Amino acid sequence: MTRAGWIRVALVAGAVAALELATRAGWIDPHTIIPPSAMAAALAGLVVSGAILPDIAKTLSNVAAAFVLSVAGGFLLGLVIHAAPRLRRALDPLLATYYAVPFFVFYPLLIVVFGMSDLPIIVIGFLFGVVAMIIATLNGLDRVPRVALKVARLARMDAVSTALVIKFPAATPYLFTGIKLAVAYSFIGVIASEFILSGAGLGYAIAYAYNNFDNPRMYALMLFILVSVTAVNMVLHTLEQRMLRRRGLVR
Amino acid sequence: MTGAPAWQRYGDSVALLAGLVLLWWLLALWAGEEALTGPAETLARARELAGSRRFHAHVAESLAALGYALLLAALGGLALGTWLGVRPLAGQVAEPILVALYALPKITLYPVILLIFGLGLPAKVAFGAIHGVIPVTIFTLNAVRTIRPVYLKVARTLRLTPWQAFRTVWLPAALPEIVSGQRVGFALTLLGVLIGEMFASQRGIGFVIINAIGLNDVPTIMAAAFLLAVFAATVSAILLKIDRALHRRTARA
């Protein structure tokens, strides 16, 4: 590991230790924050008893569905928009301002359209993630080497195989940025909807624990989300580095 | 942004907007009045809302929270990002942490903010600022770090004082990326403030929307969301314009 990496680990460990010390010594009111060790213990208890497993399964499957939909949909829409420059120019300001509009206000509408199920939440996660993927796809397609496209024309490939065999691999580094953002936004969309609007899932469980002053449970669930999101991101980061190194884009 | 004549560009944008409104209208017809209010009714309700005294109070509350949060996020992110950008090791240590925080659904941490700040304006400001400060810091950090070394050499050769160097070299070189960061920061700060108002709050636009959701008052949901979208898109478009102009100027220089 690099020097910066070690310092980072020490920094995070130091922050956790400081929080532990401050909460144990009573400098921070236990009604506000509980010690990290207590959070971990509470989380272990919840997992062993199986009490939160249904919520975990629900949230993670919703996030996974929203993520897959937004990556696949964003790539396809990106291909279509990239092929139509006039459409793209008109869409450009909308794409750039898209994230300033909070979508989950449309949750009631989605419930009417899709029914009381997991679908509305998945759709919100999809709406959050898809535009990041579209933007990344457009960036990537802009940088597909012209010679690669010529090869495709010479080999008389049709549009679908050009997209799959030429454009997709050539744009991968940029697509990866989109994939990472799509993961983050799927998590944010799904958990925020559960938190504010829904009656199940991890987001809801946190809001419920907060409303019942059940701090150990609330912090245990937060810890779980924190750890799982960070773990997913680290896996993606490792995959991205490996892909970039194979292409000789990073030392 | 070159090539096509201006009339065609504007024509395409107008056609796209008209298409979206048409889509909205068709969706409203299909879903029915109680599920989705059409464009005309939404506009009428929005005008009604914009004229009501009670709604003004909610807007004022939201704008106050957004203003304070933006101030904190913009200045805090600028300061932190500049500091991390100037010190390479600090930047290397902090960047992955910042990226991890960026990807985290911060809504999970809102109860902690509420426990620390209590119910009310400070919690919303803090929550909005937390959303905005991270992208501003990341963009600023990268802007400062990628300033071309030759510029800094010139500053050293001319023996500029730190303040002179900051004003005449660092700031102009990093400004385009910094503005991009502020643009993303604005969008996320607004999102944070709204989420903050939707949970455990009695005032603000977010509360108006969540209250209307509870009452299943579809016209109000649509009208508030519409006004919000127009506001967000307008501010974002202005920032985008500044952003693009700055990037073009630097590209030419």
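In this text the structure is predicted, and so the values were computed from the model without any measurement. Every chain is numbered on its own, with residues counted from 1 as its sequence reads. Chain letters and ligand numbers both follow the written order, the letters beginning at A and the numbers at 1. The predicted nature of this model means local features are confined to residues of pLDDT at least 70 and side-chain atom pairs, given and counted, to a pLDDT of 80 or more, with totals for whole chains, interfaces and linings taken over all residues.

Caption draft 1: View of the overall build of chain B. Each helix and strand counted, chain B has ten helices and zero strands in total. Put simply, chain B runs from its N terminus to its C terminus through helices and strands in the order α-α-α-α-α-α-α-α-α-α. Expressed along its principal axes, the backbone C-alpha trace of chain B runs to roughly 70 × 55 × 30 Å. With C-beta atoms placed from the backbone, the exposure class of a residue follows from how many other C-beta atoms lie within 10 Å of its own: 20 or more, buried; 12 or fewer, exposed; in between, partly exposed. Looking at chain B residue by residue over its 253 residues, the buried ones come to 42%. A pair of residues counts as a contact when their C-beta atoms, built from backbone coordinates, are separated by no more than 7 Å. Counting contacts in chain B only where the partners sit at least 6 residues apart, residues at least 24 apart contribute 78% of the total. Under the DSSP-based scheme used, a helix requires at least four consecutive residues in state H or I and a strand at least two consecutive residues in state E, with every element numbered from the N terminus.

Caption draft 2: Region of interest: the overall build of chain A. In terms of regular secondary structure, chain A is built from eleven helices and zero strands. Along its sequence from the N terminus, chain A presents helices and strands in the succession α-α-α-α-α-α-α-α-α-α-α. Counting every position in chain A, which comprises 251 residues, the buried fraction comes to 41%. By sequence separation, contacts in chain A at least 24 residues apart represent 73% of the contacts at least 6 residues apart.

Caption draft 3: The arrangement of the interface of chain A and chain B in detail. On the chain B side, the residues contacting the 40 residues of chain A number 47 residues. Those elements giving two or more residues to the side of chain A that touches chain B turn out to be α1 (3–24), α4 (85–97), α5 (107–114), α9 (172–196), α10 (202–211) and α11 (215–246) of chain A. Taken together, the residues that form the side of chain A that touches chain B break down as 32 nonpolar, five polar and three charged. Under the scheme applied, nonpolar residues are Ala, Val, Leu, Ile, Met, Phe, Trp, Tyr, Cys and Pro; charged residues are Asp, Glu, Lys and Arg; polar residues are all the others, including Gly.

Caption draft 4: The environment of phenylalanine 139 of chain B, seen in detail. Residue and element names in this part refer to chain B. One can find phenylalanine 139 in helix α6 (residues 121–145). On the basis of neighbour counts, which here come to 23 C-beta atoms within 10 Å, the residue phenylalanine 139 falls in the buried class. It is 8.9 Å that separates the C-alpha atoms of phenylalanine 139 and glycine 77, two residues lying 62 residues apart in sequence. Residues in contact with phenylalanine 139, not counting those within four places in the same chain, are Gly81, Glu177, Ile178, Ser180, Gly181 and Val184.

Caption draft 5: Examining helix α8 (residues 159–170) of chain A more closely. Residue and element names in this part refer to chain A. Take the number of residues in a helix, subtract one, and multiply by 1.5 Å to get its expected span. Counted at 1.5 Å a residue, the expected span for α8 with its twelve residues is 16 Å, and the 15 Å between its end C-alpha atoms agrees. All buried positions along α8 are accounted for by Thr162, Ile166 and Lys167. On an axial view of α8, the arc spanned by its buried residues comes to 85 degrees, and they lie on one face. Those residues of α8 that are exposed and angled more than 90 degrees off the buried face are Val160, Leu164 and Pro169. In this description, the arc belongs to the directions extending from the helix axis to the C-beta atoms.

Caption draft 6: Structural detail: the environment of alanine 132 of chain A. All names here are of chain A. Looking at where alanine 132 falls in the secondary structure, it is placed in helix α6 (residues 119–142). Between the alpha carbons of alanine 132 and leucine 175 there is a distance of 9.8 Å; along the sequence they are 43 residues apart. Apart from the residues lying within four places of it in its own chain, the contact partners of alanine 132 are Gly178, Leu181, Ala182 and Tyr185.

Caption draft 7: Representation of the confidence of the model for chain A. Predicted confidence across chain A gives a mean pLDDT of 85, with 96% of residues reaching 70 or more. Element-level mean pLDDT values for chain A span from 75 in α5 of chain A up to 92 in helix α3 (residues 53–83) of chain A. Confidence of the predictor at the level of single residues is captured by pLDDT, which takes values from 0 to 100.

Caption draft 8: Molecular detail of the packing of helix α3 (residues 53–86) of chain B against α6 of chain B. All names here are of chain B. α6 packs onto α3 with a crossing angle of 30 degrees between their chain directions and a minimal axis gap of 6 Å. Accordingly, the angle class assigned to the pair α3 and α6 is roughly parallel. Seen along the crossing, α3 lies across α6 with a hand that is right-handed. Grouping the amino acids of the contact of α3 with α6 by side-chain chemistry returns 22 nonpolar, nine polar and two charged. Throughout, an axis means a line fitted to C-alpha atoms (over the contacting stretch in the case of helices), and angles, computed between N-to-C directions, take values from 0 to 180 degrees. Oblique is the label for any angle not under 35 degrees, not over 145, and not in the 65 to 115 range, which are roughly parallel, roughly antiparallel and roughly perpendicular in turn. In this scheme the handedness of a crossing depends on how the near helix is turned from the far one: anticlockwise by less than a right angle means left-handed, clockwise means right-handed.

Caption draft 9: Inspection of the environment of alanine 200 of chain B at higher detail. All names here are of chain B. With respect to the element layout, alanine 200 can be found in the loop between α8 (162–198) and α9 (205–215). Sequence separation between alanine 200 and leucine 114 is 86 residues; the distance between their C-alpha atoms is 8.7 Å. Setting aside residues up to four positions removed in sequence, alanine 200 forms contacts with Leu114 and Leu119.

Caption draft 10: The arrangement of the nonpolar core in detail. Remark: nonpolar core denotes a set of buried Ala, Val, Leu, Ile, Met, Phe, Trp, Tyr and Cys residues whose joining runs through C-beta atoms within 7 Å. Grouped together as the largest cluster of nonpolar side chains are 134 residues, with contacts concentrated most on Ala182, Ile191, Phe195, Ile206 and Leu221 of chain A together with Ile209 and Ala224 of chain B. Broken down by element, the residue count for this core peaks at 16 residues, all from α6 of chain A.

Caption draft 11: Spatial organisation of the packing of α3 of chain A against α6 of chain A. All names here are of chain A. Direction vectors running N to C along α3 and α6 enclose 40 degrees, while the axes themselves pass 6 Å from each other. On the basis of their axis angle, the class for α3 and α6 is oblique. Remark: the crossing between α3 and α6 carries right-handed chirality. Tallied by class, the residues present in the contact of α3 with α6 amount to 18 nonpolar, nine polar and no charged.

Caption draft 12: The confidence of the model for chain B, seen in detail. Summary statistics for chain B give a mean pLDDT of 86 and a share of 97% for residues scoring 70 or more. Interface predicted TM-score (ipTM) for the complex: 0.78; the corresponding pTM is 0.84.

Caption draft 13: Local environment of helix α5 (residues 110–117) of chain B. When we look at burial in α5 of chain B, the residues that qualify are Tyr110, Pro111 and Leu114 of chain B. One face of α5 of chain B carries all of its buried residues, which in axial projection span an arc of 100 degrees.

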